[in-house]
Amino acid sequence: MRKQIENMTILILGSGGREHTFAWKIAQSPLCDALFVAPGNSGTAQIATNVNIGVTDFEAIKNLVLEHHIDMVVVGPEDPLVQGIHDFFLNDDQLKHVAVIGPQKAAAELEGSKEFAKEFLFRHNIPTAAYQSFNANNVEEGYKFLETLSPPYVLKADGLAAGKGVLILNDLNEAKAELKNMLVDAKFGDASSKVVIEEFLDGIELSCFVLTDGKHYKILPTAKDYKRIGEGDTGLNTGGMGAVSPVPFATDEFLNTIEEQIVKPTILGLQKDNLPYKGFVFIGLIKVGNNPKVIEYNVRMGDPETEVVLPRLKNDIVEIFKAISENRLNDIDIDIDDRAATTVMLVSGGYPEAYDKGKEITGLEQIEGSIPFHAGATIKDNKIVTSGGRVMAITSYGNTYQEAIKKSYQNIDKLHFDKMNYRKDIGFDL
Ligand code: AMP
Ligand code: GLY
């Protein structure tokens, strides 16, 4: 039985900008009595208690939950979900009363396996790119399939590859060589023991975020992230360099199409396939002409999309999470701030390749009118220093996204760390 008291002790798993944003939002809820983050960062340390435990150390998480009588666990990243943290809680007599926000393992395969996701999409008639999947035993057939496609060629490692598992190549021979690399030479280890080859979709990308208790759903604001390191969307892929919400080209009519053609069949598909899901569904879309097509599912919120989506949510998020855990998400009316929100990610020079850590971040106290969500940042000798590639996301509101982005850049001018880098063109394509 859940404790019959109103106030809850909550644990967030993760350490990025997404988790700082969750902590910021949850800390505003009168329902939250005590907040822990494992492992957290310098931002979460200011509003919650950080505990130095890894997100996939289930036994240590169990001990923490029991020690502090934690009532709810909000899972930030995909790894613990794909490894079955929700099932771990449900299968343990001491933990099964704890509300876990995040899908069970079977449903987390939507992100854990690209092939599983493609089969799900086709089974439920949800628009997506044509594909075939291959393994080390049929590489030759993979070459033949590539020959039937026109460039660019899209190759996806089936499993989790920390955002690096998708290759888009213009040259047929290079595509064949990379296919061999992935399947035969294990370029991405086990993650590329299967490879999905997909039709290339030409269009503009956006992301749609859905909350579900497995039966009911609520749609959150759309967002667009900027994945490449370089201005004009050039250079290497990153975890995300900035984001904008709402997406200006997502008109009501287009959003309606997304709901009818994609969101509804996704939630119904989860039920038909017995995939238990309580949490966020992140649907990566490409708008091809006027048609939305799914490029991927993630079973968690995006980062840095969270840094623009949650600031626009006016509801008490803990109330929403409670409703999800009690299968009554239909009781909630989602209330969204009309203002736009933007975020710009400050990164360590060199990222997404090698970069230094431990650089002091200064100027934070001068920020006015923006919210700095800490990501790869930590506290050392009473100073806030860099500890990762993506260091901090500077979020602002505005009546338009242009106004919001201007505010983010004005505040970024006051911030400094050695070799600080960021994109100066977030929103350039809108
Ligand atoms: P993913 O890891 O699935 O998000 O893919 C990484 C990026 O590759 C996406 O954000 C898209 O920009 C691109 N991408 C993936 N699949 C396709 C596709 N079928 N057509 C065009 N671009 C794609
Ligand atoms: N920003 C993309 C992601 O979180 O996967």
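Residues numbered from 1 in each chain as written. Chains lettered and ligands numbered in written order. Predicted model: local features only at pLDDT ≥ 70, side-chain atom pairs only at ≥ 80, totals over all residues. Heavy atoms only, no water.

**Q** Requested: an account of the site of ligand 2, with residues and values cited.
**A** Every residue near ligand 2 is listed here: Asp-225, Gly-239, Phe-282, Asn-298, Arg-300, Gly-302, Asp-303, Pro-304 and Glu-305. The side chain of Asp-225 places a nitrogen or oxygen atom 2.8 Å from a nitrogen atom of ligand 2. Measuring from a nitrogen atom of ligand 2, one finds a side-chain N or O atom of Glu-305 at 2.9 Å. Alone, ligand 2 offers 200 Å² of accessible surface; in the complex the protein occludes 86% of this. Grouping the amino acids of the shell around ligand 2 by side-chain chemistry returns two nonpolar, three polar and four charged. (Near = heavy atom within 4 Å. Polar contact = N/O pair within 3.5 Å; in protein donor to acceptor, adjacent residues only side chain to side chain. Areas by Shrake-Rupley, 256 points an atom, 1.4 Å probe, with all protein chains shown as cover. Nonpolar A, V, L, I, M, F, W, Y, C, P; charged D, E, K, R; others polar.)

**Q** Mind laying out the site of ligand 1, listing which residues take part and the relevant values?
**A** Glu-198, Leu-201, Glu-205, Lys-227 and Glu-296 are the nearest of the 15 residues found near ligand 1. Within the side chain of Lys-114, one N or O atom sits 3.1 Å away from an oxygen atom of ligand 1. In isolation ligand 1 exposes 480 Å². Once the protein is present, 89% of that is buried. Those elements that provide at least two residues to the shell around ligand 1 are strand E7 (153–157), strand E8 (166–169) and strand E17 (291–298). Across the shell around ligand 1, the residue classes break down as eight nonpolar, no polar and seven charged. (Helix = DSSP H or I, 4+ residues; strand = E, 2+ residues; numbered from the N terminus.)

**Q** So, helix H10 (residues 252–272): which residues are in play, and what are the values?
**A** In an α-helix, one turn spans 3.6 residues, which is why side chains three or four residues apart end up on the same side. With 21 residues, H10 should cover 30 Å at 1.5 Å per step; its first-to-last C-alpha distance of 28 Å lies within 8% of that length. At Glu-259, H10 is deflected by roughly 40 degrees, the largest bend along its length. Buried residues of H10: Phe-254, Ile-258, Ile-262, Val-263, Pro-265, Thr-266, Ile-267, Gly-269 and Leu-270, and no others. On the buried face of H10, the contacting elements are helix H6 (105–112), helix H7 (114–123), strand E10 (204–212), strand E11 (217–219), strand E16 (279–288) and E17. Positioned one or two residues after H10, Asn-274 has a phi angle of 55 degrees, which is positive. (Expected span 1.5 Å × (residues − 1). Bend = angle between axes of the 7 residues up to and from the residue. Buried < 20%, exposed > 50% of the residue type's maximum accessible area, 1.4 Å probe, protein only. Contact = heavy atoms within 4.5 Å.)

That is the geometry; function is a separate question.
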